[in-house]
Amino acid sequence: MDRTERVELATICLVYQDTKILMQNRTKSDWKGYALPGGHIEPGESVVESVIREVKEETGLKIENPVLCGIKQFPIKNGRYMIFLFKTNEFSGTLVSSEEGEMSWVERNDIPKLDTVADFAELLQVMEDDSLSEFYYRVQDGDWNLELH
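This section reports on the structure supplied with the text. In this text the structure is predicted, and so the values were computed from the model without any measurement.

Some details on the overall build of the chain
Working step 1: When its secondary structure is counted, the chain shows two helices and 11 strands.
Working step 2: Put simply, the chain runs from its N terminus to its C terminus through helices and strands in the order β-β-β-β-α-β-β-β-β-β-α-β-β.
Working step 3: For 149 residues, the compact-globule estimate of 2.2 N^0.38 gives 15 Å, and the C-alpha radius of gyration of the chain, at 15 Å, lies within 12% of that figure.
Working step 4: Within the chain, the proportion of its 149 residues that are buried is 42%.
Working step 5: Pairs at least 24 apart in sequence give 64% of the contacts found in the chain among residues at least 6 apart.
Working step 6: Side chains of the chain give 16 positive and 28 negative charges; the mean places of these two sets differ by 2 Å.

Re the side chain of Lys 87
Working step 1: Mapping Lys 87 onto the fold places it in strand β7 (residues 79-88).
Working step 2: A polar contact is formed between the side chain of Lys 87 and the backbone oxygen of Met 127, at a distance of 3.1 Å.
Working step 3: Aside from chain neighbours lying at most four places away, what touches Lys 87 is Cys 13, Leu 14, Tyr 16, Asn 65, Pro 66, Val 67, Cys 69, Met 127, Glu 128 and Asp 130.

Quick look at the layout of surface pockets
To find leftover empty space, one rolls a probe the size of a water molecule over the atoms.
Working step 1: The volume enclosed by the largest pocket comes to roughly 610 Å³.
Working step 2: As for the largest pocket, its lining consists of 30 residues, of which Arg 26, Trp 31, Gly 38, Gly 39 and Tyr 81 are closest to the centre.
Working step 3: Of all elements in the fold, only β1 (6-17), β2 (20-26), β4 (38-40), α1 (47-59), β6 (67-76), β7 and α2 (120-128) reach the threshold of two or more residues within the lining of the largest pocket.
Working step 4: Element by element, the count of residues in the lining of the largest pocket is highest for α1, at four residues.

Here we look at the side chain of Asp 119
Working step 1: On the secondary structure map, Asp 119 appears in the loop between β9 (101-107) and α2.
Working step 2: Overall, Asp 119 belongs to the buried group, its relative accessible area being 15%.
Working step 3: Not counting residues up to four positions away in its chain, the partners in contact with Asp 119 are Trp 31, Lys 72, Phe 135 and Tyr 137.

Quick look at the packing of aromatic side chains
Working step 1: Within the structure shown, the criterion is met by four aromatic pairs.
Working step 2: Geometrically, the ring pair formed by Tyr 137 and Trp 144 is edge-to-face, given 5.6 Å between the ring centres and 65 degrees between the ring planes.
Working step 3: A relative accessible area of 47% means that Trp 144 is categorised as partly exposed.
Working step 4: Here the aromatic cluster, defined as three or more aromatic residues joined through ring pairs, consists of Phe 135, Tyr 137 and Trp 144.

Quick word on the environment of His 40
Working step 1: Relative to the elements of secondary structure, His 40 occurs in strand β4.
Working step 2: Taking the C-alpha atoms as reference points, His 40 and Met 82, separated by 42 residues in sequence, lie 9.8 Å from one another.
Working step 3: Contact partners of His 40, with chain neighbours within four places excluded, come to Glu 8, Leu 9, Ala 10, Glu 45, Ser 50, Arg 53, Glu 54 and Tyr 81.
Working step 4: A polar contact is formed between the side chain of His 40 and the side chain of Tyr 81, at a distance of 3.1 Å.

Thresholds, definitions, all that
Residues numbered from 1 in each chain as written. Predicted model: local features only at pLDDT ≥ 70, side-chain atom pairs only at ≥ 80, totals over all residues. Heavy atoms only, no water. Helix = DSSP H or I, 4+ residues; strand = E, 2+ residues; numbered from the N terminus. Rg over C-alpha atoms; globule rule 2.2 N^0.38 Å. Buried < 20%, exposed > 50% of the residue type's maximum accessible area, 1.4 Å probe, protein only. Contact = heavy atoms within 4.5 Å. Lys, Arg positive; Asp, Glu negative; His and termini not counted. Charge placed at Lys NZ, Arg CZ, Asp CG, Glu CD. Polar contact = N/O pair within 3.5 Å; in protein donor to acceptor, adjacent residues only side chain to side chain. 1 Å grid on protein atoms, 1.4 Å probe; cavity = no way out; pocket = protein on both sides within 12 Å on 5 of 7 lines; lining within 4 Å. Points joined across faces, edges and corners; volume = space filled by probe spheres on them. Phe/Tyr/Trp six-rings, centres within 6.5 Å; stacked < 30°, edge-to-face > 60°.

Here you go:
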């Protein structure tokens, strides 16, 4: 039995400083609202190289020592989409925005007031709760059911 499936790979990073989190107000219509910086892993690129590159491209910051803190995955046509979740408070450089959206430091307590992307609260829960490591959508009878493990 062939267990090979099509997989798209991506990374995102929770960059934090004291009580603030770096967030991007995304302008793209396919995933609009406040989110964390990140993007696709390029062929031949390591997962860690990808998260460092993506954060630099979208924020202007060079992150260091990103720590893997979970995985988000959901089904796509003929496969799955996997996002490696990282966090770090080690960075240097000057914050800039990109064509992906405007970057800003947001107080952790102010996040519920923002128009975030879908399922952001649950994603943040997985990234900040050391007892969780997986954010998984299981589709059953056409319904998407979120599971946190």
